[in-house]
Amino acid sequence: MQWETVIGLEVHVQLATKTKIFSGAATAFGAEPNTQACAIDLGLPGTLPIVNKEAVNQAIKFGLAIGATINTVNVFERKNYFYPDLPKGYQTTQLAKPIVGSGHVSVTLDDGTYQTVRIHHAHLEEDAGKSVHEGFQGMSGIDLNRAGTPLIEIVTEPDMRSAKEAVAVAKKLHSIVTTLGICDGEMAQGSMRFDVNISVRPKGQRKLGTRTETKNLNSFRFMEQAINKEVERQIYIIQEGGEVIQDTRLYNGDTGKARSMRSKEEANDYRYFPCPDLLPIVIEPSLLEKIKADMPELPEAKKARFIQDMGLSEYDADILSANRATAEYFEAAMKHAGDSKLTANWVIGELAKALNRDDITIINSPVSAEVLGGLIARIKDNTISGKIAKQVFEALWKGEGYSADDVIEKKGLKQVTDTSAIESMVDQVLAACHKQVEQYRSAPIEKRGKMMGFFVGQCMKASKGKANPTMVNEILKAKLE
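How each quantity is defined
- Residues numbered from 1 in each chain as written.
- Predicted model: local features only at pLDDT ≥ 70, side-chain atom pairs only at ≥ 80, totals over all residues.
- Heavy atoms only, no water.
- Salt bridge = Lys/Arg side-chain N within 4 Å of Asp/Glu carboxyl O.
- Helix = DSSP H or I, 4+ residues; strand = E, 2+ residues; numbered from the N terminus.
- Buried < 20%, exposed > 50% of the residue type's maximum accessible area, 1.4 Å probe, protein only.
- Axes fitted to C-alpha atoms, helices over the stretch in contact; angles between N-to-C directions.
- Parallel < 35°, antiparallel > 145°, perpendicular 65-115°, else oblique.
- Left-handed = near helix turned anticlockwise from the far one by under 90°.
- Contact = heavy atoms within 4.5 Å.
- Nonpolar A, V, L, I, M, F, W, Y, C, P; charged D, E, K, R; others polar.
- Pairing = 2+ DSSP bridges.
- Right-handed = clockwise from strand over helix to strand, strands pointing away.
- Expected span 1.5 Å × (residues − 1).

A. Here's a closer look at the pattern of salt bridges. Counting across every chain of the model gives 32 salt bridges. In this structure, Asp318 engages Lys303 in a salt bridge whose closest nitrogen and oxygen atoms are separated by 3.6 Å. Of this pair, Asp318 sits in helix H7 (residues 314-321) while Lys303 sits in helix H6 (residues 299-310), and the two are 15 residues apart along the sequence. Here Asp318 falls in the partly exposed class, since its relative accessible area comes to 36%.

As structure tokens, this is what we get:
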């Protein structure tokens, strides 16, 4: 039997506000446990929450970016459940009247197909604290620093049919929120967390299968692994005559193992009711217009501009526009380099390779955009070759110079472009390789191209890579012919 996978996402996005959603406590990452939780976050008697206006503005920005309706009257509700890291015994969230209504995002898949995924809604809510298990023997610690941190939870429709589709949508949402500046996108720090709802059904069947929810995935790689593993598990259970149980699951990316955490709750299990401490939020049309006017260029528009104005391929434009920091780095480097395609090649190639190797984000790159642009400019004006440029880049990466010109001067890497000097070097190489010269001259024309590579290699070796390759080729060809 052929099976169809059905996937929906619930994405928790930590908003980039300086304070929490209902209090003035800080939201900075990395503070000592329980040093950033105030009386309001703990729900102590007599405290009253006040809505953080910036969190509301950032939620509106997201709604506008996905073409969603903005509900001008939205309400906070209490979601009641007991858990050690939820000190109030309830979470303040939105259910019946969320701030962001239905919208959509579009993605281009690996095979070039275009897919639109519907967003059901996005709502504002407060984060819970965190249970800490490491370092406690037979016990767990509770860190409430995260309690009250503002989130938007983005809920998609079940429109995805494979792990790759789900990951593409997750990456697109990551791209949108980081471009808007409403989230730093640091998934390792919990700034974006993905819950994946998964079910399978026989191909052609309209009725949905029983779904499970795998919670708190914090990397695209782990998401893809978790979905594929869960799809295999559900298909195996059904084929063996069993029934999939609706439950909430966890996936450990380090071990590659998944397990059931608890049976899946329904909305009525949480006894939602309007929060008596918070009035409905009324969004004025003037606020919407102001936020619209301040919206940055979104990834799709940036990609189109990179293709149309800079002549980049769709592949290059897609990579460079997906992340705000990468796009800004690329544009800054290109201004100094004066060549969009060459800059794109270096940002996507050598720079990305070095960042991945040393596990560094582009914001913290040891080679600034201006310095990389200066290096590319020296390739463009034939001061150095592409091969020597890689040596210069590594030196810059290690802090061995403050600019490409500085490294080139210190290491004597300037490219040889003097015609007479190159001609003399070519004569020496041909004299030392007289047998290969005779073979070249007696060979059919169609075979001479490959043989030319030998002579070019010998000349570049003799010049220690400093000779201008184009000039070497031209002079060699003239003398050999």
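B. Fine view of the packing of helix H14 (residues 434-442) against helix H15 (residues 445-462). Orientation of H14 relative to H15, taken along the N-to-C sense of each, is 160°, at an axis distance of 10 Å. Relative to H15, the element H14 is oriented roughly antiparallel. Crossing angle aside, the handedness with which H14 passes H15 is left-handed. Facing H14, whose interface residues are Gln436, Val437, Gln439, Tyr440 and Arg441, H15 presents Arg448, Met451, Met452, Phe454 and Phe455. Looking at the contact of H14 with H15 residue by residue, the classes come out as six nonpolar, two polar and two charged.

C. Looking closely at unusual backbone geometry. Of note in the backbone geometry, Arg271 takes a positive phi value of approximately 50° without being a glycine. Counting through the fold element by element, Arg271 comes out in the loop between strand E13 (257-263) and strand E14 (273-274). What makes Arg271 exposed here is its relative accessible area of 54%. Here Asn382, not a glycine, exhibits a phi torsion of approximately 65°, which is positive. Within the secondary structure, Asn382 sits in the loop between helix H10 (369-380) and helix H11 (386-397). For Asn382, a relative accessible area of 40% gives the class partly exposed.

D. Highlighting the pairing of strand E11 (residues 212-217). The buried count for E11 comes to five of six residues, which makes it a mostly enclosed element. Looking at chain direction, strand E10 (residues 192-202) and E11 are connected through four bridges and run antiparallel. When the bridges of E11 are listed, Asn197 appears paired with Glu213. For E11 and strand E12 (residues 247-252), the ladder comprises three bridges, and the chain directions are parallel. Pairing of Glu213 across the sheet is with Thr248, part of E12. Between the parallel elements E11 and E12, the chain passes through helix H4 (residues 220-239) in a crossover that is left-handed.

E. Examining H11 more closely. With 12 residues, H11 extends 16 Å between its outermost C-alpha atoms, agreeing within 8% with the 16 Å of an ideal straight helix rising 1.5 Å per residue. Of the positions making up H11, those classed as buried are Ile388, Ala389, Val392, Phe393, Ala395, Leu396 and Trp397. Those residues of H11 that are buried are in contact with helix H9 (340-358), H10 and helix H12 (404-411). Note on H11: the residue one or two positions beyond its end, Gly399, has a positive phi of about 80°.

F. Here's a closer look at the environment of Leu278. With respect to the secondary-structure elements, Leu278 resides in the loop between E14 and strand E15 (281-282). As for Leu278 and Pro49, which are separated by 229 residues in sequence, their C-alpha atoms are 7.2 Å apart. If sequence neighbours within four positions are ignored, Leu278 has contacts with Phe22, Pro49, Val51, Phe76 and Thr92.

Functional significance is not addressed by these values, which are geometric in nature.
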